[in-house]
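Secondary and tertiary structure notes
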Amino acid sequence: MIKQYKTVPDEHYWYATETSKDLRTRVARESAMKPSFWFLLNSFKEGERLLEGGSGSGWVVAGLRAKGRDAWGIEYSKKLVAEFKKQLPELAKFITFGDARALPYKDNSFDAYFSPGVLEHYEEEPKEFWRIVDEAVRVVKPDGRILITVPTMNLPRVLGFLFAKRRERMRGSKPFYQAIYSRAEFIKRIESKGTIKVVGMRGTGVHDTRLFGIKLFPRFLWRNAVLNRLFTHMTLFQCRNVK
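Here is a short report on the structure shown in this document. Keep in mind it's a predicted model, so treat the numbers as computed, not measured.

1. What to know about the sheet that holds strand 8 (residues 196-205)
- Here seven strands make up an open sheet; going across it, the order is 4-3-2-5-6-11-8 and the pairing mixed. Of all the strands in the sheet, the pair left with one neighbour each is strand 4 (95-97) and strand 8. Averaged over all pairs of adjacent strands, the angle between strand axes in this sheet comes to 20°, irrespective of strand direction.
- Here three bridges tie strand 3 (residues 70-75) to strand 4, and the two strands are oriented parallel to one another. Each bridged residue has a counterpart across the sheet, and for Glu 75 the counterpart in strand 4 is Phe 97.
- Packed on one face of the sheet, helix 5 (residues 78-87) meets strand 3 and strand 4 and runs near 150° to strand 4.

Take a look at the structure:
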């Protein structure tokens, strides 16, 4: 594991990073282009409930609901929640202000849980890391799905970290994720309590892949296992709740 930033991003940072002036357009664009969204869409059936812990702008919840899925979200930036409700008032009740470390839901309330790049922000606070995981386990039904994305090592990162200047730049004051994991160590850690079992994984993002300013994720990198492993910088871990 490589630790990077010591500062945990606050809600003001996330609002500046995640807010969208035209959320409807973002929902349409990203739900059409991102393989991780396609996977979520096909990973649970109509009638099953999914909770996204850390919804950001809310585009995932909005996109899934547009496809007939019973998706809900929780977000701890009040500004982002307010912006979502302002731009998509018809979906206002499906995004709730709250903390993934203390979910306002009863035990076994959901069939699936999606953590979209949250856990790496709490690497230097292990108790908070496990509070998030334990809450996901609590609200998901036994044998339900828990889907987690975190940044992982890939070929460009391995090469990049061979150079001290790049390493020092990545350790700078800019707040973003605190850690990059190897896939093996993340599996070992997330399974260590015996409540979660990893049953699959797939890379979900590529650095600086853009066309006319729009982020792209080439489909062949999603489908080809070797290229997916070498070049994607985030990994989606498919887990089962075995509590």
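Let us keep going from here.
2. Remarks on the environment of Lys 243
- Looking at the secondary structure, you find Lys 243 in the segment after strand 11 (234-241).
- Separated by 105 residues in the primary sequence, Lys 243 and Arg 138 place their C-alpha atoms 8.5 Å from one another.
- Those residues in contact with Lys 243 that lie beyond four places of it in its chain are Asn 108, Val 137, Arg 138, Val 140, Lys 141, Pro 142 and Thr 195.
- Of the polar contacts made by the side chain of Lys 243, one reaches the side chain of Asn 108; its length is 2.7 Å.
- A distance of 2.7 Å separates a polar side-chain atom of Lys 243 from the backbone oxygen of Val 140.

3. A word on the nonpolar core
- Of all hydrophobic cores here, the largest spans 54 residues; its most connected members are Leu 64, Tyr 113, Leu 119, Phe 129, Ile 146, Phe 186 and Ile 190.
- Broken down by element, this core gets its largest block of residues, seven residues, from helix 6 (residues 126-139).
- Not counting residues up to four positions away in its chain, the partners in contact with Phe 186 are Leu 119, Phe 129, Ile 148, Val 150, Tyr 181 and Phe 237.

4. Considerations on helix 6
- Taking 1.5 Å as the rise per residue, helix 6 with 14 residues should run 20 Å; its terminal C-alpha atoms sit 20 Å apart, in good agreement.
- Of all the positions in helix 6, only Glu 128, Phe 129, Trp 130, Ile 132, Val 133, Glu 135, Ala 136, Val 137 and Val 139 are classed as buried.
- Along its buried surface, helix 6 packs onto strand 2 (49-53), strand 5 (110-116), strand 6 (140-151), helix 9 (183-190), strand 8 and strand 11.

Cut-off values and rules
Residues numbered from 1 in each chain as written. Predicted model: local features only at pLDDT ≥ 70, side-chain atom pairs only at ≥ 80, totals over all residues. Heavy atoms only, no water. Pairing = 2+ DSSP bridges. Helix = DSSP H or I, 4+ residues; strand = E, 2+ residues; numbered from the N terminus. Axes fitted to C-alpha atoms, helices over the stretch in contact; angles between N-to-C directions. Contact = heavy atoms within 4.5 Å. Polar contact = N/O pair within 3.5 Å; in protein donor to acceptor, adjacent residues only side chain to side chain. Core = buried A, V, L, I, M, F, W, Y, C linked by side-chain atoms within 4.5 Å. Buried < 20%, exposed > 50% of the residue type's maximum accessible area, 1.4 Å probe, protein only. Expected span 1.5 Å × (residues − 1).

Note that every value here comes from positions in space, so none of it alone points to a role or purpose.
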